[in-house]
Amino acid sequence: MDQIRVVFLGTGAGTPSRERNVASLAIVLDGRVLLFDCGEGTQHQLLRSSVRNGRIEAIFITHLHGDHLYGLPGLLASLSLNGRTEPLTVYGPGVAAFVSAVRETSRLRLAYELSVLDVASGEVMRGDGFRVIAAPLEHTIECFGYCVIEDDRPGEFDVARANELRIPAGPLYGRLQSGEDVEFGGRMIRSAEVLGAPRRGRRIAYCTDTRPARASVELARGADLLIHEATYGSDVADEARKRGHSTASEAAEVAREAGAVRLILTHFSPRYEDVAPLIDEARDIASNVDGAYDLAEVPCPRNDRNL
């Protein structure tokens, strides 16, 4: 896999504002799209973004609160009206009953096969070159966070060592670099002889809505990018606690404990016209912190971290 990027489609909490739509983001893997949450207006945001909704491979819903879900029926219908024929799977806690009720009451007929699956802790999807795992978060209703994990990559190819072994440049290099052992010159050459230590695949964790929780830390363990809600500032920590949300500083604590390389805050309450104070609050605790805004695109570059 080459390019991975995150596109923020909605970065607000509860209700949309002039600057922020409600929750949704896309993770784009070499053009393939995984959509996380689908608040009202998500399909409009998709039209304004670089994301091609025809490339959506799966949709992951965190929970059944409307600001994360109410855009789903419209998007499913539009995909059908726009000619989609490829099967689509939606994952999320309790989402099957919601979608079933919508389809029955509105007589929604789709031109593609739709599967709606419940989620539990652990792996929920295996894709080509990646997998998605889920973990329960701590909110006012059942809620799950997700982590997209790229498959680990072989170590770097040692050309000098290959020359010492008199391996000719060409197809054998490619086979060895992919981790395959090859026979050459009457002997078996192990890929481990010319490859460095395997390199860990990239990880993107998405945690919202939630109180700071052990499950969030473990889900984001070693993440290249942690996207975590920061609905409130520490000045209203009691309100955050009562509503099952995190403050910016609490999100930063999760990132620091998880060893996440980068933290991006999202899901801001509409009371904050300027979220700079929340970002500053988080930067007092964790390094490499930014705040999301609608239609922002964030690349997730390859890392060279060994297993």
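See the structure shown above.
Notes on the structure in this doc start here.

What counts, and at which threshold
- Residues numbered from 1 in each chain as written.
- Predicted model: local features only at pLDDT ≥ 70, side-chain atom pairs only at ≥ 80, totals over all residues.
- Heavy atoms only, no water.
- Buried < 20%, exposed > 50% of the residue type's maximum accessible area, 1.4 Å probe, protein only.
- Helix = DSSP H or I, 4+ residues; strand = E, 2+ residues; numbered from the N terminus.
- Pairing = 2+ DSSP bridges.
- Contact = heavy atoms within 4.5 Å.
- Axes fitted to C-alpha atoms, helices over the stretch in contact; angles between N-to-C directions.
- Phe/Tyr/Trp six-rings, centres within 6.5 Å; stacked < 30°, edge-to-face > 60°.
- Lys NZ or Arg CZ within 6 Å of the ring centre and 35° of its normal.
- Salt bridge = Lys/Arg side-chain N within 4 Å of Asp/Glu carboxyl O.
- Polar contact = N/O pair within 3.5 Å; in protein donor to acceptor, adjacent residues only side chain to side chain.

**Some points on the pairing of strand 1 (residues 4–10)**
- Counting buried positions along strand 1 gives six out of seven residues, so the element sits mostly inside the fold.
- Bridge analysis of strand 1 against strand 2 (residues 24–29) gives six bridges, and the strand direction is antiparallel. Counted as the bridge partner of Gly-10 is Ser-24 from strand 2.
- Bridge count between strand 1 and strand 16 (residues 297–299): three bridges; the pairing is antiparallel. What sits directly across from Val-6, in strand 16, is Val-298.

**Quick look at helix 8 (residues 248–258)**
- Among the 11 residues of helix 8, eight are classified as buried, and the element is accordingly described as predominantly covered.
- Taken together, the buried positions of helix 8 are Ala-248, Ser-249, Glu-250, Ala-251, Ala-252, Val-254, Ala-255 and Ala-258.
- Considering only its buried residues, helix 8 is in contact with helix 6 (214–219), strand 13 (225–229), strand 14 (263–266) and helix 9 (276–283).
- Gly-259 sits one or two positions beyond helix 8 and adopts a positive phi of about 70°.

**Topic: the environment of Leu-176**
- Of note, Leu-176 is situated in helix 5 (residues 171–177).
- Accessibility expressed as a relative area gives 0% for Leu-176, which makes it buried.
- Along the sequence, Leu-176 and His-68 sit 108 residues apart, while their C-alpha atoms lie 45 Å from each other.
- If we ignore the near neighbours within four places in the chain, the residues touching Leu-176 are Phe-157, Ile-167, Val-182, Ile-189, Arg-190, Ser-191, Val-194 and Leu-195.

**Let's talk about the sheet that holds strand 5 (residues 88–91)**
- Pairing in this open sheet of seven strands is mixed, and the strands run 6-5-4-3-2-1-16 from one edge to the other. Edge positions in the open sheet fall to strand 6 (114–117) and strand 16, since each of these has one partner strand only. Adjacent strand axes in the sheet meet at a mean angle of 20° when their direction is disregarded.
- Here helix 3 (residues 95–106) sits on the sheet and contacts strand 5 and strand 6; the angle it forms with strand 6, its principal contact strand, is near 140°.

**A short note on the packing of aromatic side chains**
- The final tally for this structure, using the stated rule, is six aromatic pairs.
- Ring centres of Phe-157 and Tyr-173 lie 4.6 Å apart, and the angle between their planes is 45°; on these two criteria the pair is classed as tilted. With Phe-157 in the loop between strand 9 (144–150) and helix 4 (159–164) and Tyr-173 in helix 5, the pair connects residues that are 16 residues apart, well separated along the chain.
- Owing to a relative accessible area of 15%, Tyr-173 belongs among the buried residues under this scheme.
- Among the aromatic residues, ring-to-ring pairing joins Phe-36, Phe-60, Tyr-91, Tyr-146 and Tyr-206 into one connected group.
- Between the NZ or CZ atom of Arg-84 and the centre of the ring of Tyr-112, over which it lies, the distance is 5.7 Å.

**Some points on the pattern of salt bridges**
- Enumeration over the complete set of coordinates arrives at 18 salt bridges.
- Residues Asp-151 and Arg-126 are paired through a salt bridge, measuring 2.8 Å at the closest nitrogen-oxygen approach. Here Arg-126 lies in strand 7 (residues 122–127) and Asp-151 lies in the loop between strand 9 and helix 4, a separation of 25 residues in the sequence.
- When its relative accessible area of 47% is taken as the criterion, Arg-126 is described as partly exposed.
- Across the pair Arg-256 and Glu-253 runs a salt bridge whose closest N-O atoms are separated by 2.8 Å. Within this pair, Arg-256 and its partner Glu-253 are both found in helix 8, separated by three residues, close to a single helical turn.

**Notes on the side chain of His-267**
- Topologically, His-267 is positioned in the loop between strand 14 and helix 9.
- A polar atom in the side chain of His-267 sits 3.2 Å from the side chain of His-68.
- A polar side-chain atom of His-267 sits 3.1 Å from a polar atom in the side chain of Asp-209.
- Among residues more than four places away in sequence, those in contact with His-267 are Thr-11, Gly-12, Ala-13, Ala-23, Asp-67, His-68, Thr-208, Asp-209, Glu-229, Ala-230, Thr-231 and His-245.

**Focus: the sheet that holds strand 15 (residues 289–291)**
- Read from one edge to the other, the open sheet built from seven strands follows the order 7-8-9-12-13-14-15, with strand pairing classed as mixed. Since the sheet does not close on itself, it has two edges, and those belong to strand 7 and strand 15, each with one partner. Strand-to-strand twist across the sheet, computed as the mean angle between neighbouring axes with direction ignored, equals 20°.
- As judged from the four bridges shared by strand 12 (residues 203–207) and strand 13, these two strands associate in the parallel manner. Counterpart to Tyr-206 in the pairing with strand 13 is Ile-227.
- Along the sheet, helix 9 makes contact with strand 14 and strand 15, crossing strand 15 at roughly 165°.

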